[in-house]
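One-letter residues, chain by chain:
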Amino acid sequence: MAQDNYRLQTEQAQARFLTYDQNRLIEKFSLQADGNYLYLTFLGLPHRLCRKTGSLEYEKDGCWQDGNTFSRVLTLLDILCDSKDSRHPSGVWQSMESFGRHVHQTLLAERDPMAEAFDKDPQALARAAQQLGAAPIAWGDVGFSLEIMDGLAIGVQFWQSDEDFPAQIRWFWDKNALDYLRYETMYYAVSLVRQGLWEAFTAQTAEHFGDELR
């Protein structure tokens, strides 16, 4: 039932996109476009959005792949369709907790199984972030920023565990983030970054263990 609800919300967002003036969106974001698609960069990857259906694809390893997942579609369309014309990065980081009410508290929980995995190999996390095109930041034990879209970046701060505290991942946004997307949409973006980091991290650790066995 939950998956059906996610699919319904995804389809509703795509249907709403079709009501917008696409030429206005092209101008607003200086997009490349043809008769079939709008082309844009999202999470460091080329994406294309079908102008007739709202269907989303992203390019990876030279192939276009289905991008119609709940978090990807709602995050991208929230920024594309409803961000302010006056939006701009402030260059000032602000913790995610400071933006508002925690509607998805589990993504910010103190005990985080993914953080515990990173704790075992923080250098693999740093390599995974680099693989995703993140820019390193000198904070925490591993810190970096990753552009979401149109200059809006998310900051990630990882702290290893010690005798008093568990391993922890902290999330930061530009102070002007709410000019780009809704507060709740921040959590959709975090889930996408978590997924990308986890996939890159597990690939890094698998490669490391493979090298050890050779």
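Each remark here, short or long, concerns the structure printed above.
Residues numbered from 1 in each chain as written. Predicted model: local features only at pLDDT ≥ 70, side-chain atom pairs only at ≥ 80, totals over all residues. Heavy atoms only, no water.

*Asks:* For this particular structure, what's the right way to read unusual backbone geometry?
*Replies:* Negative phi characterises most residues that are not glycine, and trans characterises most peptide bonds. The phi dihedral of L43 falls on the positive side, at around 55°, and the residue is not glycine. By the element assignment, L43 lies in the loop between β2 (37-42) and β3 (45-50). Looking at L43, the relative accessible area reads 15%, which means it is buried. (Helix = DSSP H or I, 4+ residues; strand = E, 2+ residues; numbered from the N terminus. Buried < 20%, exposed > 50% of the residue type's maximum accessible area, 1.4 Å probe, protein only.)

*Asks:* Can you help me understand the sheet that holds strand β6 (residues 93-95) in this one?
*Replies:* Strands pair in a sheet through their backbones, by hydrogen bonds, and they do so in one of two ways: parallel or antiparallel. With respect to topology, five strands assemble into an open sheet ordered β6-β10-β9-β8-β7, the strand pairing being antiparallel. Two strands bound the open sheet, and with one partner strand each, they are β6 and β7 (135-136). Where strand β8 (residues 142-149) lies against strand β9 (residues 152-159), seven bridges are found, and the strand directions are antiparallel. Among the inter-strand pairings, E147 is bridged to a residue of β9, identified as A153. Packing of helix α4 (residues 113-120) onto the sheet brings it into contact with β9 and β10 (168-174), and relative to β10 it is tilted by some 110°. (Pairing = 2+ DSSP bridges. Contact = heavy atoms within 4.5 Å. Axes fitted to C-alpha atoms, helices over the stretch in contact; angles between N-to-C directions.)

*Asks:* Honestly, the sheet that holds strand β1 (residues 32-33) in this entry has me stumped. Any pointers?
*Replies:* Spatially, β1-β2-β3-β4-β5 is the arrangement adopted by the five strands of the open sheet, whose pairing is antiparallel. Where the open sheet ends on each side, the last strands, each with one partner, are β1 and β5 (63-66). Pairing geometry for β3 and strand β4 (residues 56-60), over three bridges, is antiparallel. Paired with H47 across the bridge in β4 is Y58. Of the strands in this sheet, β2, β3 and β4 touch helix α3 (residues 70-82), which is tilted by about 80° from β3.

*Asks:* Hey, could you run me through α3 in this one?
*Replies:* Residue pairs three or four apart in sequence face the same way in an α-helix, which turns once every 3.6 residues. Spanning 13 residues, α3 covers 17 Å between terminal C-alpha atoms, matching the ideal 18 Å at 1.5 Å per step. Burial analysis of α3 places 12 of its 13 residues in the buried class, which makes it a mostly covered element. Along α3, the residues that are buried comprise F70, S71, R72, V73, L74, T75, L76, L77, D78, I79, L80 and C81. (Expected span 1.5 Å × (residues − 1).)

*Asks:* Could you clarify how one ought to interpret the packing of aromatic side chains in this entry?
*Replies:* How two aromatic rings sit relative to each other is set out by the distance from centre to centre and by the angle between their planes. Across all of its chains, the model carries 10 aromatic pairs by this definition. The interplanar angle of 85° and the centroid separation of 6.1 Å between the aromatic rings of F118 and F158 together place this pair among those described as edge-to-face. Highlighted residues: F118 in helix α4 and F158 in strand β9, separated in sequence by 40 residues. Here the two residues F118 and F158 agree in accessibility, since each one is buried. Seen from their ring centres, F118 and F201 are 4.8 Å apart, and the 70° between their planes marks the pair as edge-to-face. (Phe/Tyr/Trp six-rings, centres within 6.5 Å; stacked < 30°, edge-to-face > 60°.)

*Asks:* How do you make sense of the side chain of D121 when you look at a structure like this?
*Replies:* As for its position among the elements, D121 is in the loop between α4 and α5 (122-131). Despite its burial, D121 pairs with no opposite charge, the nearest such side chain being R127 at 4.3 Å. When near neighbours in sequence (up to four residues on either side) are disregarded, D121 contacts R127, F201 and T205. (Lys, Arg positive; Asp, Glu negative; His and termini not counted. Salt bridge = Lys/Arg side-chain N within 4 Å of Asp/Glu carboxyl O.)

*Asks:* Explain the environment of Q130 here, please?
*Replies:* Take Q130: it is sitting in helix α5. C-alpha separation for the pair Q130 and M149, spaced 19 residues apart in sequence, amounts to 17 Å.

Any link to function would need more than the numbers given here.
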